[in-house]
Amino acid sequence: MVKRSLQASLAGIEQAKKAFAHKGWTQENLAFEVNLKTRQPIWRFFSGRSVDRYIFIEICSVLSLDWREIAANPPEELSESKELGAAEFLDIDALVQQVKSQRFDKIQDQCGTLQLLDVSRPVRIDDIYIDVKILEEIASSQWLEFADLQKFTSKEFDRFGLGEVSQIEIAGITAVQTYSKLRVLGKPGAGKTTFLQHLAIQCNQG
């Protein structure tokens with residue numbers, strides 16, 4: 001039986017730490033990339049403690065490492081285990097087509113219309129959707145020094161230091177095609193839900 005957990009060897013830890021340092025991330029960043037709610041598994045990984053097998057493999061994948069080279073006493077043939085998640089060996093395109101064929105109508109029904117507050121009947125997404133332009137960086141996460149604040153004009157101060165928009169906007173669909181993982185942020189009414197429903201319909205229709 002293949003082990004349910006894996007741990008890094010001393011040499012593997014050093015190799016992983018170098019790859020981690022090259023990324024310039026914090027452990028919180030790495031936990032987010034691995035889709036973890038806490039950084040405890042990340043700490044355990046770098047401490048040489050046992051980590052759930054799928055988490056161990058995903059951490060190594062995100063760091064562009066071969067998990068077999070990082071693990072201490074890796075199993076000889078992990079792919080033969082029935083316990084291993086089947087998704088790692090399935091053809092992802094075939095899997096997507098299978099899910100589409102089973103859920104097409106439900107996705108169309110759930111995402112194809114939108115209920116507006118001032119309209120009594122649902123409205124088709126295609127009738128109201130306009131292309132979304134987004135910023136790649138979160139404006140509220142930009143840091144300024146005190147000396148920079150002193151240089152602001154009255155107009156910039158009225159806008160809490162935002163000044164003129166300096167970031168280049170990109171189309172929402174371009175962001176989807178560019179990045180493998182996205183977090184869509186925005187104020188209420190900015191169009192987040194509408195954009196995601198439109199995206200779901202586009203994916204559903206191929």
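Residues numbered from 1 in each chain as written. Predicted model: local features only at pLDDT ≥ 70, side-chain atom pairs only at ≥ 80, totals over all residues. Heavy atoms only, no water.

(A) View of the pattern of salt bridges. One pass over the full model with this rule turns up two salt bridges. Across the pair Arg39 and Glu28 runs a salt bridge whose closest N-O atoms are separated by 3.1 Å. Of this pair, Arg39 sits in the loop between helix 2 (27-33) and helix 3 (40-46) while Glu28 sits in helix 2, and the two are 11 residues apart along the sequence. Using a relative accessible area of 46% as the deciding quantity, one classes Glu28 as partly exposed. Note that Arg68 is salt-bridged to Asp66, the shortest N-O span being 3.9 Å. Judged by relative accessible area, Arg68 falls into the partly exposed class, the value being 44%. (Salt bridge = Lys/Arg side-chain N within 4 Å of Asp/Glu carboxyl O. Helix = DSSP H or I, 4+ residues; strand = E, 2+ residues; numbered from the N terminus. Buried < 20%, exposed > 50% of the residue type's maximum accessible area, 1.4 Å probe, protein only.)

(B) Quick look at unusual backbone geometry. Unlike most non-glycine residues, Asn35 shows phi in positive territory, near 65°. Despite not being glycine, Asn73 has its phi angle at roughly 55°, a positive value. As for its position among the elements, Asn73 is in the loop between helix 5 (67-70) and helix 6 (92-111).

(C) Region of interest: the nonpolar core. If you look at the biggest cluster of nonpolar residues, it comprises 25 residues, and the most contacted ones within it are Leu30, Phe45, Phe46, Phe56, Ile59 and Leu63. Those elements giving two or more residues to this core turn out to be helix 1 (10-23), helix 2, helix 3, helix 4 (53-62) and helix 5. Take this core: its biggest share by element is six residues, from helix 4. Those residues in contact with Phe46, other than ones at most four positions away along the chain, are Ile13, Ala16, Lys17, Phe20, Gln27, Leu30 and Leu63. (Core = buried A, V, L, I, M, F, W, Y, C linked by side-chain atoms within 4.5 Å. Contact = heavy atoms within 4.5 Å.)

(D) Seen up close, the side chain of Asn204. The residue Asn204 is located in helix 11 (residues 192-204) in this model. If we skip the residues at most four places from it in the chain, Asn204 touches Lys100, Phe104, Ile107 and Gln108.

(E) Focus on the packing of helix 6 against helix 11. Orientation of helix 6 relative to helix 11, taken along the N-to-C sense of each, is 150°, at an axis distance of 10 Å. Between helix 6 and helix 11, the interaxial angle falls into the category roughly antiparallel. Seen from above, helix 6 lies across helix 11 with left-handed handedness. Contacts from Lys100, Phe104, Ile107, Gln108, Gln110 and Cys111 of helix 6 reach helix 11 at Gln197, Ala200, Ile201, Cys203 and Asn204. Tallied by class, the residues present in the contact of helix 6 with helix 11 amount to six nonpolar, four polar and one charged. (Axes fitted to C-alpha atoms, helices over the stretch in contact; angles between N-to-C directions. Parallel < 35°, antiparallel > 145°, perpendicular 65-115°, else oblique. Left-handed = near helix turned anticlockwise from the far one by under 90°. Nonpolar A, V, L, I, M, F, W, Y, C, P; charged D, E, K, R; others polar.)

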